[in-house]
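Each chain is listed here by its residues.
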Amino acid sequence: MMAYAECEFFVPAAHSLKEKRAVLQSMTMRVKQKYNISIAEIDHQDVWQRTLLALVSVASSQQAAERELERAIAFLESNPKWQCLHIDREFI
């Protein structure tokens, strides 16, 4: 089973692409290290205060894939440097 999510975040403290990318790179590296998740920025690469991330988890059962995806999303949402605007989830 595969679980997929798109998460859009607003980075209010970022006043340049460099500041946004510092926050983004830190969080994506941590997610990759802590969870069995693939993660990438898929939109808003040239916008200072917004980012759209895609996360994918693959596991032998839907519950396992969903659980890993939910843990990674909760971790991303816990960062005080950005605010989650919306999350779309799919299970394939």
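Details of the structure are given in the entry above.
Below is a summary of the structure that appears in this document. From a predicted model like this one, the values you see are computed outputs, not experimental measurements.

## Some remarks on the packing of aromatic side chains
Applying the stated criterion across every chain yields a total of two aromatic pairs. Residues Phe9 and Trp82 carry aromatic rings whose centres are separated by 4.2 Å and whose planes lie at 15° to one another, so their mutual orientation is stacked. Of this pair, Phe9 sits in strand β1 (residues 2-10) while Trp82 is found in the loop between α2 (62-77) and β4 (83-91), placing the two residues 73 residues apart along the sequence. Taken individually, Phe9 and Trp82 each receive the classification buried, so the pair is uniform in this respect. Ring geometry for Tyr35 and Phe75: centres 6.0 Å apart, planes at 55°, overall tilted.

## Examining α2
Spacing of three or four residues puts side chains on the same side of an α-helix, whose turn is 3.6 residues. With 16 residues, α2 should reach 22 Å at 1.5 Å per residue; the first-to-last C-alpha distance of 22 Å fits that figure. Those residues of α2 lying buried are Ala65, Glu68, Leu69, Ala72, Ile73, Phe75 and Leu76. Projected onto a plane normal to the axis of α2, the buried residues spread over an arc of 160° and lie on a single side. Considering only its buried residues, α2 is in contact with β1, α1 (17-34), β2 (38-43), β3 (50-58) and β4.

What counts and how
Residues numbered from 1 in each chain as written. Predicted model: local features only at pLDDT ≥ 70, side-chain atom pairs only at ≥ 80, totals over all residues. Heavy atoms only, no water. Phe/Tyr/Trp six-rings, centres within 6.5 Å; stacked < 30°, edge-to-face > 60°. Helix = DSSP H or I, 4+ residues; strand = E, 2+ residues; numbered from the N terminus. Buried < 20%, exposed > 50% of the residue type's maximum accessible area, 1.4 Å probe, protein only. Expected span 1.5 Å × (residues − 1). Arc of directions from axis to C-beta. Contact = heavy atoms within 4.5 Å.

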